[in-house]
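Each chain, letter by letter, is given below.
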Amino acid sequence: MAEQRLGLQISRYDPETHDRPEARNYEVAVGESMTVLDALVSIQQEQDSSLAIRYSCRGGFCGACGVQVNGVPVLACRTRVSSLDCNGSPVEIAPLQNHPVIRDLVADFDPTFLTLGAGEPWIQPDAESPGSGMDSDMTQEEVDRLGRSQACISCGLCDAAVTGANASAGFIGPAALVREFRLAADVRDGSDRDRLEKINDSGGIWDCDPDESWDDACPVGIDPANKIELLREASIANKIAGRKRVESEAAV
Ligand code: SF4
Ligand code: FES
């Protein structure tokens, strides 16, 4: 049987030597069950060692290998080449949108992308928190409230799926808000009111129009748009959103 070949058009960019990205074409032999990451590693190892890619686990756990494939943010290690419908055209591969680019396909995951800048992305118990400073049992209902938010692998795909007005309004992005949801909804955290106050500020939960495409992009089924809706409901229930609105109206 004739060997099957796949064309890839890869964005190449070194900010130190180039003004803008340029597309370069490659071709690989398609192996059985080959993923986009397999194809990129094969190019790097056999054709062009200067190609910068990032990966670690190769199993969908570490969140390191996100790229745009034909404009869609995906994990390269979880995307089978056979699933791509290109009509004979090369597969276009680019770094994740909405993140600065370090080089080629490596987006800059500055750790603050998950922390609202100066946020504290860990549980902060206070004297009233159950089991503060100690291990504590949570009821099943309290665990269920966290939903899939605990499964976030910090891959940034939901942020890369932000487009249009959402991308230009100074919006912090869904990934950081999923992190805040996961902490604010945890009964062991004593800073939930502070967290809600912070995400009611400019660039937070009200400066976006939650979009299903963010949910589609998430490889672990967290539904970031839904988590933002839940944060809005919690803010309104705690009368935080109302106060912020009054402040902003007074400033007009
Ligand atoms: S919410 Fe999903 S898409 Fe967004 S960073 Fe976490 S795992 Fe990735
Ligand atoms: S290499 Fe770890 S998620 Fe793809």
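This text goes with the structure placed above it.
An account of the accompanying structure is given in this report.

Rules used in this analysis
- Residues numbered from 1 in each chain as written.
- Chains lettered and ligands numbered in written order.
- Predicted model: local features only at pLDDT ≥ 70, side-chain atom pairs only at ≥ 80, totals over all residues.
- Axes fitted to C-alpha atoms, helices over the stretch in contact; angles between N-to-C directions.
- Helix = DSSP H or I, 4+ residues; strand = E, 2+ residues; numbered from the N terminus.
- Parallel < 35°, antiparallel > 145°, perpendicular 65-115°, else oblique.
- Left-handed = near helix turned anticlockwise from the far one by under 90°.
- Contact = placed C-beta atoms within 7 Å.
- Nonpolar A, V, L, I, M, F, W, Y, C, P; charged D, E, K, R; others polar.
- Near = placed C-beta within 6 Å.
- Core = buried A, V, L, I, M, F, W, Y, C linked by C-beta atoms within 7 Å.
- Buried ≥ 20, exposed ≤ 12 C-beta atoms within 10 Å, placed from the backbone.
- Domains from an automatic or database assignment.
- Pairing = 2+ DSSP bridges.

1. Points about the packing of helix α5 (residues 174-184) against helix α8 (residues 224-237)
Turning to step 1, where the next piece is worked out: Where α5 meets α8, the closest approach of the two axes is 9 Å, and the angle between their N-to-C directions is 55°. Taken together, α5 and α8 sit at an angle that is classed as oblique. In this structure, α5 meets α8 at a crossing whose hand is left-handed. In this structure, α5 contributes P174, L177, V178, E180, F181 and A184 to the contact, and α8 contributes P224, K227, I228, L230, L231 and A234.
Turning to step 2, where the next piece is worked out: Per-class residue counts for the contact of α5 with α8 are 10 nonpolar, no polar and two charged.

2. Here we look at the site of ligand 1
Turning to step 1, where the next piece is worked out: What surrounds ligand 1 is a group of 15 residues, the closest being C152, C155, C158, A175 and C218.
Turning to step 2, where the next piece is worked out: Among the elements of the structure, α3 (157-160) and α5 are those that each provide at least two residues to the shell around ligand 1.
Turning to step 3, where the next piece is worked out: When residues in the shell around ligand 1 are grouped by element, the largest group, three residues, is from α5.
Turning to step 4, where the next piece is worked out: Tallied by class, the residues present in the shell around ligand 1 amount to 13 nonpolar, two polar and no charged.

3. Looking at the nonpolar core
Turning to step 1, where the next piece is worked out: Counting 54 residues, the largest nonpolar core has V36, V67, A76, I93 and L177 as the members making the most contacts within it.
Turning to step 2, where the next piece is worked out: Both domains that furnish three or more residues to this core are identified here as domain 1 (5-107) and domain 2 (111-251).
Turning to step 3, where the next piece is worked out: Leave out the neighbours within four places in its chain, and A76 touches T35, V36, L37, L40, Y55, C65 and V67.

4. Comments concerning the sheet that holds strand β4 (residues 72-75)
Strand pairing in a sheet relies on backbone hydrogen bonds. The paired strands run either parallel or antiparallel.
Turning to step 1, where the next piece is worked out: Strand order in the open sheet made by the five strands is β2-β1-β5-β3-β4, with mixed pairing throughout. The open sheet terminates on both sides in strands that have one partner only, identified here as β2 (22-29) and β4. Between one strand and the next, the sheet's axes are offset by a mean angle of 35°, whatever the strand orientation.
Turning to step 2, where the next piece is worked out: The pairing of strand β1 (residues 5-12) with strand β5 (residues 91-94) spans three bridges and is classified as parallel. Bridge pairing in β5 places Q9 opposite E92.
Turning to step 3, where the next piece is worked out: Across the sheet, helix α1 (residues 36-46) lies against β1, β2, β3 (66-69) and β5, angled at about 100° from β2, the strand it touches most.

5. So, the packing of α5 against helix α6 (residues 192-199)
Turning to step 1, where the next piece is worked out: Taken N-terminus to C-terminus, the directions of α5 and α6 make an angle of 155°; their axes are 9 Å apart at the nearest point. Relative to α6, the element α5 lies roughly antiparallel. In the crossing of α5 with α6, the sense of the turn from one axis to the other is left-handed. Contacts between α5 and α6 involve L177, E180, L183 and A184 on the former and, on the latter, D192, R195, L196 and I199.
Turning to step 2, where the next piece is worked out: Residues of the contact of α5 with α6, tallied by class, amount to five nonpolar, no polar and three charged.

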